[in-house]
Amino acid sequence: MTAQLPEPSPRPALSGELRASHDDREAVVEQLRDAAAEGRIDLDELDSRLEQALTSKTYAELAVLTADLPRPKSAEGLPPLVLKGGMYGASRGPGRWEVPPRVIARAGTGGVKIDFTRVECHLTEVAMEAYGETSGVTIVIPDSWAADTSGMEPGVGGLKDKTTPDRLPGTPLIRLTGSGGMAGVVIRHPNRWERRKLHSNPAQV
């Protein structure tokens, strides 16, 4: 009786042959939109590449679409963003800016407001320190983001966390620490006026 040879195991897929996920396609879409905003590709080419990106099934198909574009910079290497209210106050946003892994806000006597509603953020978590001091800190995050305020000291002014826990997959978590100081710290989603402004002036691609 002839011994049967074992069946050969399936050939492992090459990296380019692996199936792409929704997140992989979305990352390429964002890179293409950034390239168009920087003038690297025109709008007709953007439309063509976006259509291909949304229908790509493998890493290799996606790689072709960005092969002639600079690799996006890693947000992990960005220096901390430090905002000091001083006497006259300080703010960041709303607008498109890239979020670093660490953000520090010191209200001083003028106060600080940070608006994340239109930012570019490739991080899963952002460490933020907020110190309310004498004028307070206000933090505005998109509806799809969530916040962890368990490490925050309320101080005299207190902490007002008006966010919801309805975080969408792949969106950042703001891990908030610091102290409310005399005036307190508020973290919330956009209010009615801010939502109206966002809808009437949509972000440019």
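Residues numbered from 1 in each chain as written. Predicted model: local features only at pLDDT ≥ 70, side-chain atom pairs only at ≥ 80, totals over all residues. Heavy atoms only, no water.

(A) Inspection of the packing of aromatic side chains at higher detail. On inspection of all chains with the given rule, the structure shows two aromatic pairs. Arranged with centres 5.5 Å apart and planes meeting at 40°, the rings of Trp97 and Phe116 form a pair that is tilted. Taken together, the residues Trp97 in the loop between β2 (90-92) and β3 (102-106) and Phe116 in the loop between β4 (112-115) and β5 (125-131) connect sequence positions 19 residues apart. Across the pair, exposure class does not vary: Trp97 and Phe116 are buried alike. For the ring pair Phe116 and Trp145, a centre distance of 5.7 Å and an interplane angle of 45° mean the geometry is tilted. Here the residue Phe116 occupies a position in the loop between β4 and β5, and Trp145 occupies one in the loop between β6 (137-140) and β7 (146-153), the gap between them amounting to 29 residues. On the basis of relative accessibility, which here comes to 6%, the residue Trp145 falls in the buried class. One aromatic cluster is present, built from ring pairs that chain together Trp97, Phe116 and Trp145. The aromatic ring of Tyr131 is capped on one face by Arg106, whose charged end is 4.3 Å from the ring centroid. (Phe/Tyr/Trp six-rings, centres within 6.5 Å; stacked < 30°, edge-to-face > 60°. Helix = DSSP H or I, 4+ residues; strand = E, 2+ residues; numbered from the N terminus. Buried < 20%, exposed > 50% of the residue type's maximum accessible area, 1.4 Å probe, protein only. Lys NZ or Arg CZ within 6 Å of the ring centre and 35° of its normal.)

(B) Structural detail: the sheet that holds β7. Read from one edge of the open sheet, five strands run β1-β3-β5-β9-β7, paired in parallel fashion. Taken across any chain shown, the strands that pair with only one partner, and hence form the sheet edges, are β1 (81-84) and β7. Each strand axis lies, on average, 15° off the axis of its neighbour in the sheet, ignoring direction. With five bridges connecting them, β3 and β5 associate as parallel partners. What sits directly across from Val103, in β5, is Met128. (Pairing = 2+ DSSP bridges. Axes fitted to C-alpha atoms, helices over the stretch in contact; angles between N-to-C directions.)

(C) Structural context of the pairing of β4. Pairing of β2 with β4, which is carried by three bridges, proceeds in the parallel orientation. Residue pairing for β4: Ser91 is matched across the bridge by Lys113.

(D) Inspection of a negative patch on the surface at higher detail. On the surface, Asp42, Asp44, Asp47 and Glu51 cluster together to form a negatively charged patch. Mapped onto the secondary structure, Asp44 falls in helix α2 (residues 43-55). (Patch = residues over 30% accessible without salt bridge, like charges linked within 9 Å, V, L, I, M, F, W, Y side chains within 5 Å. Areas by Shrake-Rupley, 256 points an atom, 1.4 Å probe, with all protein chains shown as cover. Salt bridge = Lys/Arg side-chain N within 4 Å of Asp/Glu carboxyl O. Lys, Arg positive; Asp, Glu negative; His and termini not counted. Charge placed at Lys NZ, Arg CZ, Asp CG, Glu CD.)

(E) The arrangement of the nonpolar core in detail. Ranked by size, the top nonpolar core spans 26 residues in total, and within it Ile114, Phe116, Met128, Val137, Ile139, Ile174 and Leu176 carry the most contacts. Within the residue set of this core, elements represented by two or more residues are β1, β3, β4, β5, β6, β9 (173-179) and β10 (185-188). A per-element tally of this core places β5 first, with three residues. Those residues in contact with Ile174 that lie beyond four places of it in its chain are Phe116, Val126, Met128, Ile141, Trp145, Ala146, Ala147, Asp148 and Ile187. Judged by nonpolar contacts, the second largest core, of 13 residues, contains Ala36, Leu46, Leu50 and Ala53. (Core = buried A, V, L, I, M, F, W, Y, C linked by side-chain atoms within 4.5 Å. Contact = heavy atoms within 4.5 Å.)

(F) Inspection of the packing of helix α1 (residues 22-37) against helix α3 (residues 59-66) at higher detail. Interaxial distance between α1 and α3 falls to 10 Å at its minimum, and their mutual angle equals 5°. For the element pair α1 / α3, the angle class is roughly parallel. In this structure, α1 uses Asp24, Arg25, Val28, Gln31 and Leu32 to contact α3, whose residues at the interface are Tyr59, Leu62, Leu65 and Thr66. Across the contact of α1 with α3, the residue classes break down as five nonpolar, two polar and two charged. (Parallel < 35°, antiparallel > 145°, perpendicular 65-115°, else oblique. Nonpolar A, V, L, I, M, F, W, Y, C, P; charged D, E, K, R; others polar.)

(G) Local environment of α1. Over its 16 residues, α1 extends 23 Å from the first C-alpha to the last, a length consistent with the 22 Å expected when each residue adds 1.5 Å. Where α1 is buried, its residues meet α2 and α3. Downstream of α1 by a residue or two, Gly39 has a phi angle that is positive, lying close to 85°. (Expected span 1.5 Å × (residues − 1).)

(H) Expanded view of the side chain of Thr163. Relative to the helices and strands, Thr163 resides in the loop between β8 (159-161) and β9. For Thr163, a relative accessible area of 17% puts it in the buried group. A polar contact is formed between the side chain of Thr163 and the side chain of Asp161, at a distance of 2.6 Å. With sequence-adjacent residues up to four places away left out, Thr163 is seen in contact with Ile141, Ala147, Ile187, Arg188 and His189. (Polar contact = N/O pair within 3.5 Å; in protein donor to acceptor, adjacent residues only side chain to side chain.)

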